[in-house]
Amino acid sequence: MHVLVTGGTGFIGTALCARLLQAGHAPAVLTRDPARARARLPAEVAVFGALEQAREVDAVVNLAGEPLTDGRWNEARKARFRSSRIDTTRRLVEWIAAQPRPPRVLVSGSAIGWYGPRDDTPLDESAAPGEDFAARLCRDWEAEAMRAEALGVRTCRVRTGIVLGRGGGALAKMLPPFRFGLGGPMGDGRQWMSWIHREDLVGLVLWLLERDAAQGAWNGTAPAPRTNREFAQALGRALHRPAVLPTPAPVLKLVFGEMAQLLLTGQRVLPARALAEGFAFRFPTLEQALDDLACYGTRAAHSPRRESGYAAPVALFDSPRRATTASVHRLAGDIMDRRTFLATGSFGMVATLLPGAAGAAAAITTTPDDLFRRIDFVSDGLGLDPREYAARLHEVVARDGLAADYYSRGGVVEQLERSFARLLGKPAAMFVATGTLANHLAVRRLAGGDRRVLVQAESHLYNDSGDGAQALSGLNLVPLAAGQATLPLDQVQAWVERSRGGRVRNDVGAISIETPVRRLDHAMADFAELEQVSRYARAQGIGLHLDGARLFTLPLHSGRAVHEYTALFDTVYVSLWKHFNGASGAILAGSGEFIDGLFHERRMFGGALPAAWPSVALVADYAATFEADYARAWSAADALIERLQASGRFTARKLPGGTSRFFLSVAGVDPAAFAERVRRRGIVLAQPRPDTGELPLQVNATLLRTDPAELARRFMESLPEA
């Protein structure tokens, strides 16, 4: 079957896609973020950014919904909870109605919150709904799904309980306090917890898809629910830890507000229909489920460090003698305060009781053989996924023994600051958590008391910072040169003179220029015009800032060294993640006087990370070879273009003044469908341009993972047969 899955990148959805593939089906995921989905899902899973792209679908599994567990509830969040479930399901059913050949079956998610708070009475699928917010939400959610029945579509509604599995869901939130002996029941612990192993839930969904007689409501819970106290005790035994510290009801109400009622009440839900009709649970008891998961401990088939990040459940220290001062400090650094731990554990216990919450956590499904093989025409850099990044981080730390920073000062961060100061030809540099903050700090300090700042209309600072410079620092950003990568001198002069000549003088304090310009497909500014603007600004005493997030691509295309660009400006920002594959971060460089003491303003704006070293540990290696690797990548891209165009089926277009991007047209082929077929061969492409149908391709070092001939072969094999 061709199965369309919404919520397919979540904790349940990723596992479902993997199981569908194993069963010989063809899953496709509908998502608002196709690039993120492709990084999370196996290459064989199709990814669609719009419903209209899905065709000839045999079945639909609807798991979509904004997580309910990301903070306290208020009326605005409740409205989003309803919209993400009810409106999404309504649109899905409307799409089904418009299909010339509708899907045969819809399996739509719901939750045991349908039943509302209950006592010890066992509940099967015939029980009436409750009246609290979660119950009303589930009731209305299911009502939208049931509209598909009138279209002749077999419809199943799965009321899911607390989902237990590796790498996410309820256990991911419960394990930290329980592992350190701080777990226990919530309130009096007598409320029921109806749980299910993720493998059984996925198996139930697949069983419903394939069982032609199945329809209506189904409880997605294991046959043996437990009270909250019993659940806590079982988890404590699995971890070889006590689980006797209760979280008082008033604490839960203080932390979670209205949502605490769901923590302190429960439902004793039974999967009556599944049992009656022959579904076989692999993990019918809680002990069997926890034994299989080993609470992310050591089992032959699973590596806890690879899958969860937690160590096996052993003693806190190898022996009393090993409990040195250093090890105690390390342990203390790993433990949050008890109140946070207890709240986190309680939060995790109820996480998937809430409708759609199980889809919030994302599981990574790559295997070691998948690492560092993807050809990524979307990212600026390598686009490392979490497992790739973790592998490289382990390698670098083992090799270099990195020194940690403290609130973004000292250690490897300080080494990186010195290194980039040299690369950029500036006396000093400072790490900043984001490029947005780096630009803000630069223009804020350069402008001083003259609050007017000239910027390009297409720049990141003007378009993508939420008016932060205006709201937080009182700066007046004046956008110039709309639709152009180059900021012309005549426009700069005109605004400087206009600002000085008004009835109330309001001098320009700074000019910020971005090059290359992302919003203009990475086109670069004309160097001669930059020189003229620089000379004029310095003659007028106006500060100059370079937003050089992608600065290091320019030398290959302009023939000008990085130092030649940075010499024209007082300050310069470069991204650490776009090209140098850090997890995040930026460098802001300038004179010693400018950078001195700037870390106080960084901290004032919340930009001093307590530990920045994991984000920047990889940067030095990639920065050292970036320009050479980028030139080799473009050589590979040119060879690929030549081979593709020689086939007569492809046309490539480079931009005048362009840098890292080119465009590809495919004759006689739906470009979105082509991109999907290419993705199945390990090549990630962005969505086509809606106006031209061209595919934008970003050139980066992933092109060096295979030779151009092999890459061209994969493109050609992705063409439909004539």
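All values derive from a computational prediction rather than experimental measurement. (Residues numbered from 1 in each chain as written. Predicted model: local features only at pLDDT ≥ 70, side-chain atom pairs only at ≥ 80, totals over all residues. Heavy atoms only, no water.)

## Some words on unusual backbone geometry
Phase 1 of the analysis: At the junction of Thr515 and Pro516, the peptide bond is cis and its omega measures out at -5° in the coordinates.
Phase 2 of the analysis: Positive phi outside glycine occurs at Ser408, with the angle close to 65°.
Phase 3 of the analysis: Within the element layout of this structure, Ser408 appears in the loop between α15 (386-400) and α16 (411-424).
Phase 4 of the analysis: Unlike most non-glycine residues, Asp467 shows phi in positive territory, near 60°.
Phase 5 of the analysis: With respect to the secondary-structure elements, Asp467 resides in the loop between α18 (460-463) and α19 (468-473).
Phase 6 of the analysis: Judged by its relative accessible area of 45%, Asp467 falls in the partly exposed class. (Helix = DSSP H or I, 4+ residues; strand = E, 2+ residues; numbered from the N terminus. Buried < 20%, exposed > 50% of the residue type's maximum accessible area, 1.4 Å probe, protein only.)

## Observations concerning the sheet that holds strand β20 (residues 571-575)
Phase 1 of the analysis: What the seven strands build is an open sheet, ordered β15-β21-β20-β19-β18-β16-β17; its pairing is mixed. Across the chains shown, the open sheet's two edge strands, defined by having one partner strand only, are β15 (428-432) and β17 (476-480). The sheet shows a mean angle of 20° between the axes of neighbouring strands, direction not considered.
Phase 2 of the analysis: Sheet topology note: the strand β16 (residues 452-456)/strand β18 (residues 508-514) ladder contains four bridges and is parallel. (Pairing = 2+ DSSP bridges. Axes fitted to C-alpha atoms, helices over the stretch in contact; angles between N-to-C directions.)

## What about the nonpolar core?
The nonpolar side chains of a soluble globular protein tend to be buried with one another.
Phase 1 of the analysis: Counting residues in hydrophobic clusters, the biggest one holds 84 residues, and the most contacted among them are Phe377, Ile511, Leu551, Phe674, Leu685 and Phe715.
Phase 2 of the analysis: In terms of residue count, helix α27 (residues 619-646) provides more of this core than any other element does, twelve residues in total. (Core = buried A, V, L, I, M, F, W, Y, C linked by side-chain atoms within 4.5 Å.)

## As for a nonpolar patch on the surface
Phase 1 of the analysis: A contiguous nonpolar patch, built from Val251, Leu254 and Val255 and spanning about 260 Å² of accessible area, is present on the exposed surface.
Phase 2 of the analysis: Turning to its location among the elements, Val255 is positioned in helix α8 (residues 249-256).
Phase 3 of the analysis: Residue Val255 is classed as partly exposed on the basis of its relative accessible area of 33%. (Patch = residues over 30% accessible without salt bridge, like charges linked within 9 Å, V, L, I, M, F, W, Y side chains within 5 Å. Areas by Shrake-Rupley, 256 points an atom, 1.4 Å probe, with all protein chains shown as cover. Salt bridge = Lys/Arg side-chain N within 4 Å of Asp/Glu carboxyl O.)

## Observations concerning the side chain of Asp405
Phase 1 of the analysis: On the secondary structure map, Asp405 appears in the loop between α15 and α16.
Phase 2 of the analysis: Despite its burial, Asp405 pairs with no opposite charge, the nearest such side chain being Arg602 at 7.6 Å.
Phase 3 of the analysis: Of the polar contacts made by the side chain of Asp405, one reaches the backbone nitrogen of Ala612; its length is 2.9 Å.
Phase 4 of the analysis: Within the local environment of Asp405, its side chain forms a polar contact with the backbone nitrogen of Trp613, the two atoms lying 2.8 Å apart. (Lys, Arg positive; Asp, Glu negative; His and termini not counted. Polar contact = N/O pair within 3.5 Å; in protein donor to acceptor, adjacent residues only side chain to side chain.)

## So, the pattern of salt bridges
Phase 1 of the analysis: Taken as a whole and judged by the stated rule, the model has 45 salt bridges.
Phase 2 of the analysis: With a shortest N-O distance of 3.4 Å, Arg392 and Asp621 are connected by a salt bridge. Taken as a pair, Arg392 in helix α15 and Asp621 in helix α27 lie far apart in primary sequence, 229 residues in all.
Phase 3 of the analysis: What makes Arg392 buried here is its relative accessible area of 10%.
Phase 4 of the analysis: Among the residues examined, Asp621 registers a relative accessible area of 27% and is labelled partly exposed.
Phase 5 of the analysis: Here Glu601 and Arg444 are joined by a salt bridge, their closest N and O atoms 3.0 Å apart. Of this pair, Glu601 sits in helix α25 (residues 598-604) while Arg444 sits in helix α17 (residues 435-447), and the two are 157 residues apart along the sequence.
Phase 6 of the analysis: Connected via shared salt-bridge partners are Arg681, Glu710, Arg713, Arg714 and Glu717.

## Topic: the packing of aromatic side chains
Phase 1 of the analysis: Counted under the stated rule, the structure contains 16 aromatic pairs.
Phase 2 of the analysis: Geometrically, the ring pair formed by Tyr406 and Tyr407 is edge-to-face, given 5.0 Å between the ring centres and 80° between the ring planes.
Phase 3 of the analysis: When its relative accessible area of 62% is taken as the criterion, Tyr406 is described as exposed.
Phase 4 of the analysis: Since its relative accessible area comes to 27%, Tyr407 is described here as partly exposed.
Phase 5 of the analysis: Ring centres of Phe580 and Phe626 lie 5.6 Å apart, and the angle between their planes is 85°; this geometry places the pair in the edge-to-face category. With Phe580 in the loop between β20 and β21 (586-590) and Phe626 in helix α27, this pair connects stretches of sequence that are 46 residues apart. The residues Phe580 and Phe626 share a single accessibility class, namely buried.
Phase 6 of the analysis: Cluster of aromatic residues (ring-pair linked, three or more members): Phe420, Phe552, Phe580, Phe626 and Tyr630.
Phase 7 of the analysis: Here the guanidinium or amino end of Lys78 rests over the ring plane of Phe133, the centre of that ring lying 5.0 Å away.
Phase 8 of the analysis: Above the ring of Tyr407, the side-chain terminus of Arg603 is found at 4.5 Å from the ring centroid. (Phe/Tyr/Trp six-rings, centres within 6.5 Å; stacked < 30°, edge-to-face > 60°. Lys NZ or Arg CZ within 6 Å of the ring centre and 35° of its normal.)

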